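Each chain, letter by letter, is given below.
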Amino acid sequence: SGMYMGRQYGTAVRTDALFTGRIYGVCSQNKVMKTMTNERLCTLAQQGDTQAQEQLVQNNLGYIRKTANELYISVGLVNSELGIDHDDLIQEGSIGLLRAIPLYDPGKKIKFLTYAGSAIRNAMLDLISATFAAFEQRMQSDQDGIPLERIHLDDLLPGEDSMQRSDLIADSYA
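Residues numbered from 1 in each chain as written. Predicted model: local features only at pLDDT ≥ 70, side-chain atom pairs only at ≥ 80, totals over all residues. Heavy atoms only, no water.

A. Representation of the overall build of the chain. Looking only at helices and strands, the chain features 6 helices and 2 strands. Of the regular secondary structure in the chain, the N- to C-terminal order runs β-β-α-α-α-α-α-α. Taken across its 174 residues, the chain has 29% of its residues classed as buried. Put simply, 43% of the contacts in the chain that link residues at least 6 apart link residues at least 24 apart. In the structure as shown, the chain presents an accessible area of about 12000 Å², 53% of it carried by carbon and sulfur atoms. (Helix = DSSP H or I, 4+ residues; strand = E, 2+ residues; numbered from the N terminus. Buried < 20%, exposed > 50% of the residue type's maximum accessible area, 1.4 Å probe, protein only. Contact = heavy atoms within 4.5 Å. Areas by Shrake-Rupley, 256 points an atom, 1.4 Å probe, with all protein chains shown as cover.)

B. How the structure looks around unusual backbone geometry. Phi is positive for K109, which is not a glycine, with a value near 60 degrees. With respect to the element layout, K109 can be found in the loop between helix 5 (86–100) and helix 6 (112–140). On the basis of relative accessibility, which here comes to 76%, the residue K109 falls in the exposed class.

C. Geometry of the nonpolar core. Judged by nonpolar contacts, the single largest core of 29 residues is most densely connected at L56, L77, I84, L89, L97, F112 and M124. Residue contributions to this core peak at 7 residues, all from helix 6. Aside from chain neighbours lying at most four places away, what touches L56 is N38, L41, C42, A45, L97, I101 and F112. (Core = buried A, V, L, I, M, F, W, Y, C linked by side-chain atoms within 4.5 Å.)

D. A look at helix 4 (residues 61–74). A rise of 1.5 Å per residue sets the reference length of helix 4, with its 14 residues, at 20 Å; its end C-alpha atoms lie 20 Å apart and thus fit the reference within 8%. The complete set of buried residues in helix 4 reads L61, I64, T67, A68, L71 and Y72. Buried positions in helix 4, seen along its axis, are confined to an arc of 135 degrees and lie on one side of it. Across from the buried face of helix 4, at angles greater than 90 degrees, the exposed residues are I73 and S74. Immediately downstream of helix 4, the backbone of G76 shows phi near 85 degrees, a positive value. (Expected span 1.5 Å × (residues − 1). Arc of directions from axis to C-beta.)

E. Region of interest: the packing of aromatic side chains. Inspection of every chain in the model, using the stated rule, returns 2 aromatic pairs. Each member of the aromatic cluster is reached from another via a ring pair, and the members are Y104, F112 and Y115. (Phe/Tyr/Trp six-rings, centres within 6.5 Å; stacked < 30°, edge-to-face > 60°.)

F. Up close: the confidence of the model for the chain. Summing up the model confidence of the chain, the mean pLDDT is 76 and the portion of residues at 70 or higher is 62%. A low-confidence stretch, residues 1–28 stays under pLDDT 50, and its non-local contacts, those more than four residues away or across chains, total 36 contacts. (pLDDT = per-residue confidence, 0-100.)

G. Focus on the environment of L113. Along the chain, the position of L113 falls in helix 6. Separated by 74 residues in sequence, L113 and E39 have C-alpha atoms that sit 8.6 Å apart. Contacts of L113, omitting those with residues within four sequence positions, involve N38, N60, Y63 and I120.

H. Representation of the pattern of salt bridges within the structure. Tallied over the entire structure, the rule returns 1 salt bridge. A salt bridge links E70 to K66; its shortest N-O distance comes to 3.2 Å. Within this pair, E70 and its partner K66 are both found in helix 4, separated by 4 residues, close to a single helical turn. (Salt bridge = Lys/Arg side-chain N within 4 Å of Asp/Glu carboxyl O.)

I. Summary view of the packing of helix 4 against helix 5. Running from N to C, helix 4 and helix 5 cross one another at 130 degrees; their axes reach a closest spacing of 9 Å. With respect to helix 5, the axis of helix 4 lies oblique. Where helix 4 crosses over helix 5, the two elements pack in a sense that is right-handed. Every residue of helix 5 that contacts helix 4 at L61, I64, R65, A68, N69 and Y72 is listed here: H86, L89, I90, G93, S94 and L97. Considering only residue class, the contact of helix 4 with helix 5 consists of 7 nonpolar, 4 polar and 1 charged. (Axes fitted to C-alpha atoms, helices over the stretch in contact; angles between N-to-C directions. Parallel < 35°, antiparallel > 145°, perpendicular 65-115°, else oblique. Left-handed = near helix turned anticlockwise from the far one by under 90°. Nonpolar A, V, L, I, M, F, W, Y, C, P; charged D, E, K, R; others polar.)

Right under this line is the structure:
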């Protein structure tokens with residue numbers, strides 16, 4: 001496997017001795033790879049072909065972005081203080097896809113993206129979960145002043161009346 005210096009116009013520029021000076025060969029190989037199925041690319045990637053790995057990510061970037069968009073909205077990250085942005089989810093989804101490559105078995109007659117879809121989504125959810133746990137830990141720490149405590153609105157408050165916290169919240173529609 002070679003070292004990659006960067007990208008120019010979507011084509012990886014390799015700097016190892018084998019590919020130095022053979023940029024045209026890499027470009028034509030990338031054109032061939034763009035027409036390959038995910039399953040064929042996965043087989044090549046399992047054999048150590050890093051260009052096939054990159055092409056798999058590129059081929060499925062639309063699905064990764066779509067999944068990231070759905071989670072970003074459904075989990076409520078738009079206005080959250082967790083510090084996770086859309087690009088973080090895309091990056092984690094790409095890593096999830098790469099982790100699915102060695103585990104995929106083409107003999108099971110299932111499409112690669114069907115198999116990798118859950119790995120992509122789970123990688124994003126793992127990031128959200130870990131970030132939320134760290135955020136919650138920070139909120140319970142008293143290093144920054146008064147520690148915050150999680151409360152449940154259906155808990156009964158102490159006292160004679162035993163009201164629920166939710167009963168004390170003003171109803172703006174009343």
